[in-house]
Every structure is written in C-alpha cells, then in structure tokens.
Amino acid sequence: MIQKWYEVTCDYCGAGINHYIGRRPTREMLESDGAVCTATKHFCNKTCWGEWNHDRQQRQYLNLHPDGRIYSDDEDDPD
C-alpha cells in the first residue's frame, strides 16, 4: 500500500516540525504541534520566526538609498 507522507520543516532553520500521514496538514494542526504559521511560511518556534522577520526587514532596509528611494539597476537614467 502506498501512502503519502508530508514532512513539514521550518522555513528558517530547516528543522523538522512533524510528519503527517495521508492528508496535508492544516494550519490548526501545525499550530497545535507548536509551529508558528504566517500566510505562506512555517516556523518551528517564535525565535525562528523573529529572526526570519528581522533578516527580512534588514534586506528591505539595505535596498533603500539614503534619500529613501528604492534601489534599481538603472541609476544613470534620470527618470
């Protein structure tokens, strides 16, 4: 007999959260197992979620120029 297994891992550190047999796990199932879920990502705990969020905010900040404009490759183009 062939069965589907779903292995859910943390999107930040890669640690395994849990294995699920048969059906794809719902958000409620993941949260009951201690995972932190956002709209598209799963994290093993609040620490990983916080570090991922911090890294994301730093990447967004580094993409800004000192005058607040978003960085683009066409710097020579005045428009």
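Read on for an overview of the structure.

About the cut-offs
Residues numbered from 1 in each chain as written. Predicted model: local features only at pLDDT ≥ 70, side-chain atom pairs only at ≥ 80, totals over all residues. Heavy atoms only, no water. Helix = DSSP H or I, 4+ residues; strand = E, 2+ residues; numbered from the N terminus. Buried < 20%, exposed > 50% of the residue type's maximum accessible area, 1.4 Å probe, protein only. Pairing = 2+ DSSP bridges. Core = buried A, V, L, I, M, F, W, Y, C linked by side-chain atoms within 4.5 Å. Contact = heavy atoms within 4.5 Å. Phe/Tyr/Trp six-rings, centres within 6.5 Å; stacked < 30°, edge-to-face > 60°.

Focus on the environment of Asp33
Part 1 of the reasoning: Inspection of the secondary structure assignment puts Asp33 in the loop between helix H1 (27-32) and strand E3 (36-37).
Part 2 of the reasoning: Asp33 gets classed as partly exposed once you look at its relative accessible area, which sits at 38%.
Part 3 of the reasoning: Taking C-alpha positions, Asp33 is 7.7 Å from Asn18, a pair spaced 15 residues apart along the chain.

Focus: the pairing of strand E1 (residues 5-9)
Part 1 of the reasoning: Pairing between E1 and strand E2 (residues 16-21): five bridges, direction antiparallel. Paired with Val8 across the two strands is Asn18, which belongs to E2.
Part 2 of the reasoning: Taking the residues that link successive antiparallel strands as the turn, the E1-E2 hairpin has six residues, and the phi of Gly14 there is positive, at about 85 degrees.

Brief notes about the nonpolar core
As a rule of thumb, soluble globular proteins bury nonpolar side chains together.
Part 1 of the reasoning: Core analysis: the largest hydrophobic core is formed by six residues, namely Val8, Ile17, Tyr20, Leu30, Ala35 and Cys37.
Part 2 of the reasoning: Discounting residues that sit within four places of it in the chain, Tyr20 has contacts with Lys4, Trp5, Tyr6, Val8, Pro25, Met29, Leu30 and Asp33.

What to know about the packing of aromatic side chains
Part 1 of the reasoning: For the structure shown, the criterion picks out one aromatic pair.
Part 2 of the reasoning: With centroids separated by 5.2 Å and ring planes inclined at 40 degrees, the aromatic side chains of Phe43 and Trp52 adopt a geometry described as tilted. We note that Phe43, like Trp52, is buried.

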